[in-house]
Amino acid sequence: MPAYDIKHHGAVDGVTGSCHELTLADGRSVLIDCGPFQGAEASAEGAGAKRLQIEFPVAQVQALIVTHVHIDHVGRIPYLLAAGFRGPILCSRASAELLPLVLEDALKVGFTLDKALIERVLRLLRGRIKALDYGEWHVVIDADPGLRIRLQPAGHILGSAYVECDVLQVDDRCRILFSGDLGPPDTPLLPDPKPPDDADVVVLESTYGDRRHEDRKHRARRLQAIVEHAFENRGSILIPAFSIGRTQELLYELEGIIHAHGQRRVAAGLSWDDIDIVLDSPLAADFTAGYRRLRACWDEEAKERLEAGRHPLAFEQLLTIDDHATHQRMVDYLARTARPAVVIAASGMCAGGRIVNYLKAMLGDPRHDVLFVGYQAAGTPGRDIQRYGPRGGYVRLDGRRYDIRAAVHTLGGYSAHADQADLIRFIAQMRVEPRQVILVHGDHGAKQALQSELRARFPVTRVMIG
């Protein structure tokens, strides 16, 4: 078995800061993802939400492999470049188109407002990106020991992949699989994850390793029911959502509800056809446009909607807000009038972005509702609202206390992450049980629960917590 080492620079004691390093016997290595931390999570090297500099050596790193373009997996790439990384950035073809959009926004928010500097970084980034086809082997290190990788569809967001890494030495091979973030089956717009052939070692995410999701039909019915119930108060529904993935899935599902129930009464004098769906996030709007451009990557169901003349990401009731002045007017208008509307805005964990202005203006009004459809990491405002809101608590936003009188809902079935059953199935689909599974990207309880289930199901496999 070829010699190698795996170091976890993030996503160990939580779900943010994904960054894993696979090192060969001669010291050369590759990174899988390079994301920042959020909330209270931090790395062993001292990186955290307010300390983004790379604090591990990079001279030996031959390539960065990006599993997908969520900010918690790619947000430190500018800092990696600044630390001296000179290798290629390998990713799927869809990720290659979306990655510059993500990092341009990250640079504006957390790095600099200097347009010339941002453009220089983006030119450098585009020159390093190398797009790979799913299912094709790519040689990263052509030597002894050597390394080749293959990307396979992960079903998490458009372009997402898990990474198979073959460590090669003389006539020996060891296959190490990094799951990235895996999606559940039947995710809107996306083909289901492709099952792996085999692997000696699997570095497996465990975000929802302790729970099961609702099925898609049930969650769509619940979404409809929550919206209709909330509108009985004639208020708005605020949905914090990640700009890429979750937002497009929500738009897709809402278009389906409107198509099927357009004349159904939602509130006095209002039907679904009358409800505004407000997308208040320039980045999310850019990604939604990117999703539309990449419709060749959609699943068959979504393509059938297009062929039927429907527009699942650009329907009539969708109102997109670009500039800040219009955003502020919308916040003031909805807070003042409580007109029924569905507002989708970033960030998904309420740690920044335009959703914060809506929350400041509307959390204290019981006519409004907040709906969480994604994971809320410990130490983020989203987790505090989710935890304390139903008990009449409060949350601090930008250092100020805000009482929570709005109703708070959680619809877990819309997570873009695989649940416990999906993660177990991912391992079970291999022809031979892996020798080892290393659990990362999850809270301690989630990792422990998944470890217990995997050990019971696969007694030959050594299941470790990273």
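Refer to the structure above for everything that follows.
Heads up: these notes are all about the structure in this document. On a predicted model such as this, the values are computed, not experimentally measured, just so you know. (Residues numbered from 1 in each chain as written. Predicted model: local features only at pLDDT ≥ 70, side-chain atom pairs only at ≥ 80, totals over all residues. Heavy atoms only, no water.)

**A look at the pattern of salt bridges**
For step 1, the next point in the chain: Taken as a whole and judged by the stated rule, the model has 25 salt bridges.
For step 2, the next point in the chain: A salt bridge links Arg 150 to Asp 197; its shortest N-O distance comes to 3.4 Å. Taken as a pair, Arg 150 in strand 8 (residues 146–153) and Asp 197 in the loop between strand 10 (172–178) and strand 11 (201–205) lie far apart in primary sequence, 47 residues in all.
For step 3, the next point in the chain: Given a relative accessible area of 11%, Arg 150 falls into the buried group.
For step 4, the next point in the chain: With a relative accessible area of 29%, Asp 197 lands in the partly exposed category. (Salt bridge = Lys/Arg side-chain N within 4 Å of Asp/Glu carboxyl O. Helix = DSSP H or I, 4+ residues; strand = E, 2+ residues; numbered from the N terminus. Buried < 20%, exposed > 50% of the residue type's maximum accessible area, 1.4 Å probe, protein only.)

**Observations concerning the sheet that holds strand 18 (residues 369–372)**
One key point about sheets: their strands pair by backbone hydrogen bonds, in either a parallel or an antiparallel sense.
For step 1, the next point in the chain: Taken together, six strands build an open sheet; the order of strands is 16-15-17-12-18-21 and the sheet is parallel. Two strands in the sheet have a free side with no partner beyond their single neighbour: strand 16 (318–320) and strand 21 (407–410). Strand-to-strand twist across the sheet, computed as the mean angle between neighbouring axes with direction ignored, equals 20 degrees.
For step 2, the next point in the chain: Summarising the sheet, strand 18 and strand 21 pair through four bridges and their orientation is parallel. For Asp 369, the partnering residue across the bridge sits in strand 21 and is Ala 407. (Pairing = 2+ DSSP bridges. Axes fitted to C-alpha atoms, helices over the stretch in contact; angles between N-to-C directions.)

**Describing the environment of Arg 435**
For step 1, the next point in the chain: Here Arg 435 is to be found in the loop between helix 12 (420–428) and strand 22 (436–440).
For step 2, the next point in the chain: On the basis of relative accessible area, Arg 435 is assigned to the partly exposed category, the value being 39%.
For step 3, the next point in the chain: Put simply, Arg 435 and Phe 458 are 23 residues apart on the chain and 9.9 Å apart in space, counted from C-alpha to C-alpha.

**Section: the side chain of His 327**
For step 1, the next point in the chain: Following the sequence through the fold, His 327 ends up in helix 9 (residues 324–337).
For step 2, the next point in the chain: A residue is classified by how much of its surface remains accessible, and His 327, at 0% relative accessible area, is buried.
For step 3, the next point in the chain: Beyond its immediate chain neighbours, meaning those up to four positions away, His 327 contacts Asp 280, Ile 321, Arg 354, Asn 357 and Tyr 358. (Contact = heavy atoms within 4.5 Å.)

**Considering the layout of surface pockets**
For step 1, the next point in the chain: Size it by volume and the second largest pocket reaches roughly 250 Å³.
For step 2, the next point in the chain: Every residue lining the second largest pocket is listed: Asp 186, Arg 216, Lys 217, Ala 220, Arg 221, Gln 224, Glu 253, Gly 256, Ile 257, Ala 260, His 261 and Arg 305.
For step 3, the next point in the chain: Of the residues assigned to the lining of the second largest pocket, the class counts are three nonpolar, three polar and six charged. (1 Å grid on protein atoms, 1.4 Å probe; cavity = no way out; pocket = protein on both sides within 12 Å on 5 of 7 lines; lining within 4 Å. Points joined across faces, edges and corners; volume = space filled by probe spheres on them. Nonpolar A, V, L, I, M, F, W, Y, C, P; charged D, E, K, R; others polar.)

**Some points on the environment of Leu 251**
For step 1, the next point in the chain: Tracing the chain through its elements places Leu 251 in helix 6 (residues 246–261).
For step 2, the next point in the chain: Its relative accessible area of 0% is what places Leu 251 among the buried residues.
For step 3, the next point in the chain: With 36 residues separating them along the chain, Leu 251 and Phe 287 place their C-alpha atoms 12 Å apart.
For step 4, the next point in the chain: Setting aside anything within four residues of it in sequence, one finds Leu 251 in contact with Ile 277, Leu 279, Thr 288, Pro 312, Leu 313, Phe 315, Leu 318 and Ile 344.

**As for the nonpolar core**
For step 1, the next point in the chain: One finds Leu 64, Ile 77, Ile 89, Leu 99, Ile 277, Val 342 and Ile 344 to be the most contacted residues of the largest nonpolar core, which totals 73 residues.
For step 2, the next point in the chain: Of the residues forming this core, the biggest block, seven residues, is contributed by helix 3 (residues 93–110).
For step 3, the next point in the chain: Beyond its immediate stretch of four places on either side in the chain, Leu 99 contacts Val 69, Val 74, Ile 77, Ile 89, Leu 125 and Ile 129.
For step 4, the next point in the chain: Counting 25 residues, the second-largest nonpolar core is a separate cluster that includes Leu 238, Met 330, Val 356 and Ile 404. (Core = buried A, V, L, I, M, F, W, Y, C linked by side-chain atoms within 4.5 Å.)

**As for the pairing of strand 3 (residues 29–32)**
For step 1, the next point in the chain: With burial as the criterion, each face of strand 3 is covered, one bearing Ser 29 and Leu 31 and the other bearing Val 30 and Ile 32.
For step 2, the next point in the chain: Relative to strand 3, strand 2 (residues 19–24) runs antiparallel, the two being bridged by four bridges. When the sheet's bridge partners are listed, Glu 21 is paired in strand 3 with Leu 31.
For step 3, the next point in the chain: Between the antiparallel neighbours strand 2 and strand 3 lie four residues, among them Gly 27 with a positive phi of about 100 degrees.
For step 4, the next point in the chain: Here four bridges tie strand 3 to strand 4 (residues 61–65), and the two strands are oriented parallel to one another. Opposite Val 30, over in strand 4, you have Ala 63 as the bridge partner.

**Considerations on the packing of helix 12 against helix 13 (residues 444–457)**
For step 1, the next point in the chain: Viewed as axis vectors pointing N to C, helix 12 and helix 13 meet at an angle of 40 degrees, and their least axial separation amounts to 11 Å. The pairing of helix 12 with helix 13 is recorded here as oblique in orientation. Here the hand of the crossing between helix 12 and helix 13 comes out right-handed. Within the contact between the two elements, helix 12 uses Gln 420, Leu 423, Ile 424, Ile 427 and Ala 428 and helix 13 uses Ala 449, Leu 450, Glu 453, Leu 454 and Arg 457. (Parallel < 35°, antiparallel > 145°, perpendicular 65-115°, else oblique. Left-handed = near helix turned anticlockwise from the far one by under 90°.)

**Some words on empty space enclosed by the protein**
For step 1, the next point in the chain: Taken as a whole and judged by the stated rule, the model has three cavities of 30 Å³ or more.
For step 2, the next point in the chain: Together, Val 15, His 70, Asp 72, His 156, Asp 181, Thr 207, Phe 242, Arg 246, Met 349, Tyr 375, His 417 and His 441 line the largest cavity.
For step 3, the next point in the chain: Residue composition of the lining of the largest cavity, grouped by class: four nonpolar, five polar and three charged.
For step 4, the next point in the chain: Taken as a whole, the second largest cavity holds about 90 Å³ of empty space.
For step 5, the next point in the chain: Lining the second largest cavity are 13 residues; nearest its centre among them are His 20, His 73, Ser 179, Gly 180 and Val 440.
For step 6, the next point in the chain: When its residues are assigned to classes, the lining of the second largest cavity shows four nonpolar, six polar and three charged.

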